[in-house]
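Here is what each chain is made of, one letter per residue.
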Amino acid sequence: MKMIDKKSKYRSIRISGDVFFTLLTIVVLIGAFFGSLYYREISAMDFVKTSSIVDYFCDAEKTISFWGCFSYSLIKNTILMIIIFVSGACIIGHPLCIVVLLYKGLNIGTALSITYSDSDVENFFVPFLHILIDAVVSTFALVLSAKEGIKLSNELLKLVISNKLEDDLNKNIKLYLLKFAVLFAIIILLSLIQSTLFIVIG
């Protein structure tokens, strides 16, 4: 009887995939909001030296090749996805998935604030376009990966608590790997698009 009560309680707090995706997207937006506030507290030039987006696309003193741009864009998003991937394989990986999304939002908010504040009208469009493309596509991929990571982490936590191996666990793990392969392909495509734009329009 107690087992039934626990099960019904567990089901009562489940939310749909779309709602969960929206909540995780809100986490990124919260990070972006705090990123814009963070910009006011620091020197713009100091942050530009370390920003993972602005430093790369807005420093006119650098000469960057197509593959240099591609590798940079790929690496910075792949690292975040790997962190989420590993977190999903842990029973308490939920917080780290959220932290990654907050960090991504913080980065986007600060980068947009710097670009808006420090670029004149003529030089605003190109860096803004790069940041916007990265923000939309990579955020979409990272939110989906965080959703899957938290989902698998929940299953593993439930397995440890119940001490009972679920029949669908192996299937879910294979599906987890497949989904991350698709999401990684999206990141590769994003890097190709950004690199092409960087060469074509600067």
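Just so it is clear, the model here is predicted, and its values are computed rather than measured.

Undergrad: Help me understand the overall build of the protein chain, please; the structure alone is not making it clear to me.
TA: Within the protein chain, the secondary structure is distributed over eight helices and zero strands. Looking at the protein chain as a whole, 39% of its 202 residues qualify as buried. Taking all contacts inside the protein chain whose residues are at least 6 apart in sequence as the whole, residues at least 24 apart take part in 81%.

Undergrad: How do you make sense of the packing of aromatic side chains when you look at a structure like this?
TA: A ring pair, where both rings are aromatic, is described by two values, the distance of the centres and the angle of the planes. Going through the model one piece at a time under the given rule, you end up with six aromatic pairs. Look at W67 and F70: their rings are 5.5 Å apart centre to centre, the planes differ by 85°, and that puts the pair in the edge-to-face class. Residue W67 and its partner F70 are both found in helix α5 (residues 66-88); the two are separated by three residues, about one turn of the helix. When its relative accessible area of 13% is taken as the criterion, F70 is described as buried. With centroids separated by 5.1 Å and ring planes inclined at 75°, the aromatic side chains of F85 and F180 adopt a geometry described as edge-to-face. Of this pair, F85 sits in helix α5 while F180 sits in helix α8 (residues 169-201), placing them 95 residues apart in sequence. With relative accessibility at 6%, the residue F180 sits in the buried group. An aromatic cluster of at least three residues, connected via ring pairs, comprises F85, Y176 and F180.

Undergrad: What should I look at first to understand the confidence of the model for the protein chain in this one?
TA: Atomic detail in the predicted coordinates should be set aside for any region of low pLDDT. Per-chain confidence: the protein chain averages 79 in pLDDT, with 75% of residues scoring 70 or above. For the stretch residues 1-12, pLDDT sits under 50, and the model shows one contact to residues farther than four places along the chain or on other chains. A low-confidence stretch, residues 48-63 (pLDDT under 50), is modelled with 31 contacts involving residues beyond four sequence positions or located in other chains.

Undergrad: In this structure, what is going on with the nonpolar core? I would like to understand it.
TA: Note on soluble globular proteins: their nonpolar side chains tend to be buried together. Grouped together as the largest cluster of nonpolar side chains are 25 residues, with contacts concentrated most on L24, M81, I84, L101, L142 and A146. For this core, the element with the most residues is helix α7 (residues 121-162), which contributes eight residues. Here M81 is in contact with A141, L142, S145, F180, L183, F184 and I187, once residues within four sequence places are set aside.

Undergrad: Mind showing me how you'd approach α5 here?
TA: Helical periodicity: at 3.6 residues per turn, an α-helix aligns residues three or four positions apart in one direction. An ideal rise of 1.5 Å per residue puts 33 Å on 23 residues; α5 measures up with 33 Å between its terminal C-alpha atoms. Restricting attention to buried positions, one finds in α5 the residues C69, F70, S73, L74, K76, N77, T78, L80, M81, I84, S87 and G88.

Undergrad: Hey, could you run me through a nonpolar patch on the surface in this one?
TA: Among the surface-exposed residues, I15, V19, L23, I26, L29, I30, F33, F34, L37, Y38, L102 and L106 lie close enough to one another that they form a single nonpolar patch of about 1000 Å² accessible area. Only α2 (17-40) and α6 (94-118) provide two or more residues apiece to the nonpolar patch. With nine residues, the single largest contributor to the nonpolar patch is α2. Position of L106 among the secondary structure elements: in helix α6. The exposure class of L106 is partly exposed, given its relative accessible area of 31%.

Undergrad: So what exactly am I meant to see when it comes to the state of the cysteines here?
TA: Note: disulfide means a covalent bond formed between the sulfur atoms of two cysteine side chains. One pass over the structure, following the stated rule, counts zero disulfides. Among the cysteines around C90, which has no disulfide bond, C97 carries the closest sulfur, lying 9.0 Å off. A relative accessible area of 34% places C90 in the partly exposed class.

Undergrad: Please clarify how α8 should be interpreted in this entry.
TA: Relative to the 48 Å expected for 33 residues at 1.5 Å per residue, α8 spans 47 Å between its end C-alpha atoms, a close match to the ideal helical length. What α8 keeps buried is the set L169, Y176, F180, L183, I187, L190, S191, Q194, S195 and F198.

Undergrad: Would you mind showing me how to read the side chain of T139 here?
TA: Within the fold, T139 resides in helix α7. What T139 contacts, discounting residues up to four positions off in sequence, is V28, K104, I108 and D134.

Undergrad: Before we go on, may I ask you to explain the pattern of salt bridges in this structure?
TA: It is possible for side chains of opposite charge to pair when their charged atoms get near one another. Scanning the entire structure with this criterion turns up three salt bridges. In this structure, the salt-bridge partner of D134 is K76, at a minimum N-O distance of 2.7 Å. In this pair, D134 sits in helix α7 while K76 sits in helix α5, placing the two residues 58 residues apart along the sequence. Residue classification places D134 among the buried residues on the basis of a relative accessible area of 0%. Members of the salt-bridge network, linked through shared partners, are K76, K104 and D134.

The rules behind the values
- Residues numbered from 1 in each chain as written.
- Predicted model: local features only at pLDDT ≥ 70, side-chain atom pairs only at ≥ 80, totals over all residues.
- Heavy atoms only, no water.
- Helix = DSSP H or I, 4+ residues; strand = E, 2+ residues; numbered from the N terminus.
- Buried < 20%, exposed > 50% of the residue type's maximum accessible area, 1.4 Å probe, protein only.
- Contact = heavy atoms within 4.5 Å.
- Phe/Tyr/Trp six-rings, centres within 6.5 Å; stacked < 30°, edge-to-face > 60°.
- pLDDT = per-residue confidence, 0-100.
- Core = buried A, V, L, I, M, F, W, Y, C linked by side-chain atoms within 4.5 Å.
- Expected span 1.5 Å × (residues − 1).
- Patch = residues over 30% accessible without salt bridge, like charges linked within 9 Å, V, L, I, M, F, W, Y side chains within 5 Å.
- Areas by Shrake-Rupley, 256 points an atom, 1.4 Å probe, with all protein chains shown as cover.
- Salt bridge = Lys/Arg side-chain N within 4 Å of Asp/Glu carboxyl O.
- Disulfide = S-S within 2.5 Å.

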